[in-house]
There are 2 protein chains.
Amino acid sequence: MDLGSFIVSFDEVKVDVSRFFDLSHVIENGMPVYPGDPEPSVERVASLDEEGVNLTRLVMGSHVGTHIDAPIHFVEGGSSLDEIPLSTLMGEGVVLDLSYREVGTGLSWEDFEKFSSLVKEGDIVLIYTGTSDHWGEEGWDYRRFTYIEDSGAMWLLEKDVKMVGIDCMSVEKFGFSEPVVHRLLLGSGVPLIESLSKVMGELVGNRVFVICLPLKLKGVDGGPARVIACLIEQ
Amino acid sequence: MDLGSFIVSFDEVKVDVSRFFDLSHVIENGMPVYPGDPEPSVERVASLDEEGVNLTRLVMGSHVGTHIDAPIHFVEGGSSLDEIPLSTLMGEGVVLDLSYREVGTGLSWEDFEKFSSLVKEGDIVLIYTGTSDHWGEEGWDYRRFTYIEDSGAMWLLEKDVKMVGIDCMSVEKFGFSEPVVHRLLLGSGVPLIESLSKVMGELVGNRVFVICLPLKLKGVDGGPARVIACLIEQ
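**As for the overall build of chain A**
Thought 1: Scanning chain A from terminus to terminus reveals four helices and 14 strands.
Thought 2: Rg of the C-alpha trace for chain A: 18 Å, near the compact-globule value of 17 Å for 234 residues, within the 12% margin.
Thought 3: Once the C-alpha set of chain A is aligned to its principal axes, its extents read approximately 60 × 55 × 40 Å.
Thought 4: Counting across all 234 residues of chain A, residues that qualify as buried make up 60%.
Thought 5: In chain A, the share of contacts with a sequence separation of at least 24, taken over all contacts with a separation of at least 6, comes to 73%.
Thought 6: A distance of 2 Å separates the average location of the 18 positive side-chain charges in chain A from that of its 39 negative side-chain charges.

**Some thoughts on the relation of the copies chain B and chain A**
Thought 1: Between the two copies, chain B and chain A, the superposition gives an RMSD of 0.0 Å; the rotation angle is 180° and the shift along the axis is 0.0 Å. Here the transformation between the copies is reduced to the relation of a two-fold axis.
Thought 2: Mapped onto chain A, 100% of the interface residues of chain B again fall at the interface, so both copies present the same surface.

**Some points on the environment of A:I193**
Residue and element names in this part refer to chain A.
Thought 1: Mapped onto the elements, I193 comes out in strand β12 (residues 192-194).
Thought 2: On the accessibility criterion, I193 (0% relative accessible area) is buried.
Thought 3: Separated by 124 residues in the primary sequence, I193 and D69 place their C-alpha atoms 6.4 Å from one another.
Thought 4: Apart from residues no more than four positions distant in its own chain, I193 is found in contact with T66, H67, I68, L126, M163, V164, G165, I166, C212 and V227.

**A word on the interface of chain B and chain A**
Thought 1: Taken residue by residue, the interface counts 60 residues in chain B and 60 residues in chain A.
Thought 2: Carbon and sulfur atoms make up 65% of the area that chain B and chain A hide from each other, which totals about 5500 Å².
Thought 3: On the surface where chain B and chain A come into contact, there are four salt bridges.
Thought 4: Taken together, the connections running from chain B to chain A amount to 22 residue pairs in polar contact (both at pLDDT 80 or more).
Thought 5: If you list the elements that add at least two residues to the side of chain B that touches chain A, you get β1 (7-10), β4 (41-46), β5 (55-61), α1 (86-89), β13 (207-214) and β14 (222-233) of chain B.
Thought 6: Of the residues forming the side of chain B that touches chain A, the biggest block, seven residues, is contributed by β5(B).

**Digging into the nonpolar core**
Thought 1: Counting residues in each nonpolar core, the largest one holds 78 residues, and the members touching the most others are A:L126, A:I211, B:L126 and B:I211.
Thought 2: Those residues within four positions of B:L126 in sequence are excluded, and the remaining contacts are B:L23, B:V94, B:V95, B:L96, B:G165, B:I193, B:L196, B:M200 and B:V210.

**Structural notes on the sheet that holds β5(B)**
Thought 1: Strand order in this open sheet of four strands is β4(A)-β5(A)-β5(B)-β4(B), and the pairing throughout is antiparallel. Looking at which strands have only one partner, the edges of the open sheet turn out to be β4 (41-46) of chain A together with β4 of chain B. The mean inter-strand angle of the sheet, taken between neighbouring strand axes irrespective of direction, is 15°.
Thought 2: Looking at chain direction, β4(A) and strand β5 (residues 55-61) of chain A are connected through five bridges and run antiparallel. In the sheet register, A:V42 faces β5(A), and the bridge partner there is A:L58.

**Let's talk about the confidence of the model for chain A**
Residues and elements named next belong to chain A.
Thought 1: With 92% of its residues at a pLDDT of at least 70, chain A reaches an overall mean of 93.
Thought 2: Contacts from residues 1-12, a stretch scored under 50 in pLDDT, to residues over four places away or in other chains number 41 contacts.
Thought 3: At the level of chain-chain contacts, confidence expressed as ipTM amounts to 0.94, with global pTM at 0.95.

**Here we look at the packing of helix α3 (residues 150-158) of chain A against helix α4 (residues 180-187) of chain A**
Residues and elements named next belong to chain A.
Thought 1: Contact geometry for α3 and α4: axes closest at 9 Å, N-to-C directions at 10°. When the axes of α3 and α4 are compared, the pair comes out roughly parallel. In this structure, α3 contributes D150, A153, M154, L156 and L157 to the contact, and α4 contributes V180, V181, L184 and L185.
Thought 2: Across the contact of α3 with α4, the residue classes break down as eight nonpolar, no polar and one charged.

**Observations concerning a negative patch on the surface**
Thought 1: Together, A:D49, A:E50, A:E51 and B:E76 line one region of the surface with negative charge.
Thought 2: Along the chain, A:E50 turns up in the loop between β4 and β5.
Thought 3: Classification of A:E50 as exposed rests on a relative accessible area of 69%.

**Overview of the side chain of A:T66**
Residues and elements named next belong to chain A.
Thought 1: Structurally, T66 is set in the loop between β5 and β6 (67-69).
Thought 2: Of the residues examined, T66 reaches a relative accessible area of 3% and is grouped as buried.
Thought 3: There is a polar contact of 2.9 Å between the side chain of T66 and the backbone nitrogen of H25.
Thought 4: Excluding residues that lie within four positions of it along the chain, T66 makes contacts with L23, S24, H25, I193, E194, S195, L196, P224, A225 and V227.

**Observations regarding the pairing of strand β14 (residues 222-231) of chain A**
Residue and element names in this part refer to chain A.
Thought 1: Within β14, nine of the ten residues are buried, leaving the element largely enclosed by the surrounding structure.
Thought 2: Sheet topology places strand β3 (residues 21-22) next to β14; two bridges connect them, and they run antiparallel. When the sheet's bridge partners are listed, F21 is paired in β14 with A229.
Thought 3: Across three bridges, β6 lies against β14 in antiparallel orientation. By the bridge assignment, I68 is partnered in β14 with G223.
Thought 4: Bridge count for strand β13 (residues 207-214) against β14 is seven bridges, and the pairing is antiparallel.

**A closer look at the side chain of B:S195**
Thought 1: Of note, B:S195 is situated in the loop between β12 (192-194) and β13.
Thought 2: If near-sequence neighbours (up to four positions away) are discounted, B:S195 is found in contact with B:H25, B:G65, B:T66, B:W135, B:I166, B:D167, B:C168 and B:M169.

What counts as what
- Residues numbered from 1 in each chain as written.
- Chains lettered and ligands numbered in written order.
- Predicted model: local features only at pLDDT ≥ 70, side-chain atom pairs only at ≥ 80, totals over all residues.
- Heavy atoms only, no water.
- Helix = DSSP H or I, 4+ residues; strand = E, 2+ residues; numbered from the N terminus.
- Rg over C-alpha atoms; globule rule 2.2 N^0.38 Å.
- Buried < 20%, exposed > 50% of the residue type's maximum accessible area, 1.4 Å probe, protein only.
- Contact = heavy atoms within 4.5 Å.
- Lys, Arg positive; Asp, Glu negative; His and termini not counted.
- Charge placed at Lys NZ, Arg CZ, Asp CG, Glu CD.
- Least-squares fit on C-alpha atoms with pLDDT ≥ 70 in both.
- Buried area = accessible area lost by both parts, 1.4 Å probe.
- Salt bridge = Lys/Arg side-chain N within 4 Å of Asp/Glu carboxyl O.
- Polar contact = N/O pair within 3.5 Å; in protein donor to acceptor, adjacent residues only side chain to side chain.
- Core = buried A, V, L, I, M, F, W, Y, C linked by side-chain atoms within 4.5 Å.
- Pairing = 2+ DSSP bridges.
- Axes fitted to C-alpha atoms, helices over the stretch in contact; angles between N-to-C directions.
- pLDDT = per-residue confidence, 0-100.
- Parallel < 35°, antiparallel > 145°, perpendicular 65-115°, else oblique.
- Nonpolar A, V, L, I, M, F, W, Y, C, P; charged D, E, K, R; others polar.
- Patch = residues over 30% accessible without salt bridge, like charges linked within 9 Å, V, L, I, M, F, W, Y side chains within 5 Å.
- Areas by Shrake-Rupley, 256 points an atom, 1.4 Å probe, with all protein chains shown as cover.

If you want it as structure tokens, here you go:
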């Protein structure tokens, strides 16, 4: 019995669920964080040798590693992490390859428009920029990441997508004066997934089935999530 | 277009994925914890009013709320949380109704044996004891929860299940002298889900499809998880 292999059918699409890719970074001491954010602390507080059990204390910001931005992160009265429905966190989507743009540049309406035929209403759109290829790289300047421009955010809203993910620490240009892209997307009830891993590069150009399960933090602006996706087989 | 509804097919079984139940507790200040464990701290460190953004600091033990015990929790050299494969964390399973036993008693081989025909090799077995009905109850003594006896653990291993979940703070009797049940199950590479919510009561007696995604904590003994399940329709 091969329990790892089964088929999801949705309308005319199918996925082999044994082939899920894990798009989440590991959480560990010394991991990259958004410049200025606190580093997480993962500290063993009891051990098998001494106390007969391994136990760990975790300290982290709500936007550590692969994580969700809930609307309330930047929008007064917006939904918190525990209020995002499972129907938003799971579903069909697409992985767009924006890595032809140099890392650190902005993604505009025109950059997205060429993928127009790939994106469906209600999609979870995952944007691969290549920024994630530098995750953990010695000496990398983490202020340098590709971001979404206002017009790019408008394109995503025009497409009526339900969630947007990106392999960068933020959707917003580093050093922004106003968080316009966050406000546009979160203000329209579109949660964000930030800091997806480079594993998503394996899926570029394809329609995928996405499952994104964040911690159920009550009233909180965001939180770490486990995000997995697999190819939809036509 | 109803994006919330689609069908999973596995061999002869189907599930309507729009009907997933969330079996996870919310994580918040003052939530119940295993007696003696530290309470989590969820602290807003920046706010829209003052800093123009909501940010939160999270402090918690690795076994807070609905969480996974990885083998290394009690087994030297066992797998850590990030090493548990997705193929173990997802799949077919069953929700057994052990709530006919008084809350606080032990579950033996005989208690499980009556469900023998429901459980398949490789299942994720979720055990509803009714202990979860008291989660958050004023004055409840959290040392009182149903647990698995050695013979119950042997029954689960005999069935060759791949993961075991329970709606109690531990699978082990409170005040144990030796963590025999943990050692039996984790020592056989069977991760545990503890503190599932009473929502699982909606699914008792049924075969289900389970998705359990914990934080990807590197080298760690366990961690909070989001656990969802839905009915398999024959």
